[in-house]
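# Descriptive structure summary
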Amino acid sequence: MAYSNSHEDKVSVLIICINYHSEADTLRLINECLAMKASECMGFIVVDNTECDCRDQRLSQLSERDNHISVLWPGSNLGYFGGAKWALVKYLATHGMPDWILVTNPDISFPNDDFFLMLQKYYSNLPPAILAPSIISSLSGNDQNPHMCTRPSRLLMKFYSICFSNYFSYVGYDFLSKTKQVVLSFVSSKMRFACELRKPLYAAVPIYAAHGSLFVFHRSYFDMGGDLSHGTFLFGEEIFVAETILRLGLTILYDPRFCVVHKEHLTTGQLPSRKVASFARDSSKFCSSSFFR
């Protein structure tokens, strides 16, 4: 996107997608969003954290194809919120604040083409600081929102910190978590119907934390002093945002009228790398010490 220097040049929805060796998913997501209703009010930034010698030229060609799209290379891997924060600062240097800012992984899909139209329709007045949509896992079929309905206890956060404190305990926790998702994928089709009967239709409710694969920020989050300055490279963004919301006296609202699919690529036999384990360790330690002392 060839950004103008006018602060009046503003979009209603800014989507910041963080890419790292996920070019196929990123291209699919962009094409999907541009085909949706209200796409003319949308801006799209791809932050490519991929190493210089591994970059896919298909991404660089996106900005030439459509002036709604900008592809940015920060020069090094800034992580999830690090990349999103960097991109938003660059955007706001030449643009006004959008009404909505989405920070997303590339493996999100919008099954309905009116997601952004619905944002304008239902939340033109009294919008929540963060909207948590229904995020359906492609593995289990279950809704990953609410990520947490209520604030976890200090003891539970300490437990996570211990689980993630070394590589082997993290691998064990990760294996059990993945196994749980695979098991749920076999039983969810029967259980989901029973759960839907117990759940009020389209009940929008305040929650503690939204799932991190897709954050839907209203501008009020930033206007009131919220930011994306998470203290670690990766993981724990849900807790950081939830605690920021509490500090500012704002609301995260889970609204299942809004639905996306999380196209997870997961196999139970795949072991996390030591680097990924170190990110989880640092994040759990940061969240526990910063917010649950």
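Please refer to the structure placed before this passage.
This is a predicted model, so every value here is computed, not measured.

## Concerning the side chain of histidine 230
Relative to the elements of secondary structure, histidine 230 occurs in the loop between α8 (219-223) and α9 (237-248). Looking at histidine 230, the relative accessible area reads 11%, which means it is buried. Engagement of the side chain of histidine 230 in a polar contact is seen with the side chain of threonine 232, the distance being 3.1 Å. Setting aside its immediate chain neighbours within four residues, histidine 230 contacts Phe81, Phe235, Gly236, Glu237, Phe240, Ser283, Phe286 and Cys287.

## Let's talk about the packing of aromatic side chains
On inspection of all chains with the given rule, the structure shows 19 aromatic pairs. Ring centres of phenylalanine 233 and phenylalanine 279 lie 4.7 Å apart, and the angle between their planes is 35 degrees; on these two criteria the pair is classed as tilted. Of the two residues, phenylalanine 233 sits in the loop between α8 and α9 while phenylalanine 279 sits in helix α10 (residues 274-291), which places them 46 residues apart along the sequence. The class of phenylalanine 233 is partly exposed, set by a relative accessible area of 29%. Judged by its relative accessible area of 18%, phenylalanine 279 is buried. What links up through ring pairs into an aromatic cluster is the set Tyr80, Phe81, Phe215, Phe217, Tyr221, Phe222 and Phe240. Sitting over the ring of tyrosine 122, arginine 257 keeps its end group 4.1 Å from the ring centre. Stacked on the ring of tyrosine 167, the Lys or Arg arginine 274 has its end atom at 4.3 Å from the ring centre.

Calculation criteria
- Residues numbered from 1 in each chain as written.
- Predicted model: local features only at pLDDT ≥ 70, side-chain atom pairs only at ≥ 80, totals over all residues.
- Heavy atoms only, no water.
- Helix = DSSP H or I, 4+ residues; strand = E, 2+ residues; numbered from the N terminus.
- Buried < 20%, exposed > 50% of the residue type's maximum accessible area, 1.4 Å probe, protein only.
- Polar contact = N/O pair within 3.5 Å; in protein donor to acceptor, adjacent residues only side chain to side chain.
- Contact = heavy atoms within 4.5 Å.
- Phe/Tyr/Trp six-rings, centres within 6.5 Å; stacked < 30°, edge-to-face > 60°.
- Lys NZ or Arg CZ within 6 Å of the ring centre and 35° of its normal.

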